[in-house]
Amino acid sequence: LNGAAAGLGMVMALYSDFRIASEQAVFATAFAKRGLIAEHGIAWMLPRIVGQAHATDLLLTSRKVGAAEALAMGLVQKVVRADDLLPQALALARTLGSEVSPRSVRVMKRQLWEAPFQSLGEAVALANAEMFTSLQSEDFKEGVAHFQERRSARFTGR
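Participant: For the pattern of salt bridges, give the residues involved together with the corresponding values.
Facilitator: All chains considered together, the criterion is met by nine salt bridges. A salt bridge links arginine 81 to aspartate 84; the nearest nitrogen and oxygen atoms lie 3.2 Å apart. Residue classification places aspartate 84 among the partly exposed positions, given a relative accessible area of 28%. For arginine 110, the salt bridge identified is with glutamate 130, shortest N-O distance 2.2 Å. Highlighted residues: arginine 110 in helix 6 (residues 102-114) and glutamate 130 in helix 7 (residues 120-135), separated in sequence by 20 residues. A relative accessible area of 32% means that arginine 110 is categorised as partly exposed. For glutamate 130, a relative accessible area of 15% corresponds to the buried category. Linked by salt bridges that have partners in common, Asp57, Arg63 and Glu69 make up one network.

See the structure below:
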């Protein structure tokens, strides 16, 4: 995120798995200043990311938040110099594309999205079932093999 993420732009940022901001980034909900309501699920997402108090502040005041404050409240995971933003984002993309199992990422993303609607018991039961399936997957076999052979992973997502 480099520059302004306001209104719908902020909503889109919240749906991202990772939020890296340059020091120049600015965030605002903007809805209340336009006579609008919290749209596109931001009233659900924002409190889960920054907490109820920060979400209430940001939604009701529509005030602008700089990168440092966004980091402090958990709105972004990292703040970097503007010149480092693209290289940092590309490095993260390379890591995700080459060092981790796409199957694992897919399952864990689903677990993260479903967990708020489950009891602990339901989440554990689902995790146990997914673990059984994971242990039989090609990606698990590759994960063990590349570790033992001290080589780069060649995950297939299966």
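Participant: Give me the lowdown on the sheet that holds strand 3 (residues 26-28), citing residues and values where you can.
Facilitator: As a general point, the strands of a sheet are linked pairwise by backbone hydrogen bonds and lie either parallel or antiparallel. A sheet is described by the order of its strands in space; here three strands give the open sequence 1-3-4, paired in mixed fashion. Both outer strands of the open sheet, strand 1 (4-6) and strand 4 (65-66), are each paired with one neighbouring strand and no more. Sheet analysis places strand 1 next to strand 3, joined by three bridges and oriented parallel. Note on strand 3: the bridge partner recorded for alanine 6 is alanine 28.

The rules we used
- Residues numbered from 1 in each chain as written.
- Predicted model: local features only at pLDDT ≥ 70, side-chain atom pairs only at ≥ 80, totals over all residues.
- Heavy atoms only, no water.
- Salt bridge = Lys/Arg side-chain N within 4 Å of Asp/Glu carboxyl O.
- Buried < 20%, exposed > 50% of the residue type's maximum accessible area, 1.4 Å probe, protein only.
- Helix = DSSP H or I, 4+ residues; strand = E, 2+ residues; numbered from the N terminus.
- Pairing = 2+ DSSP bridges.

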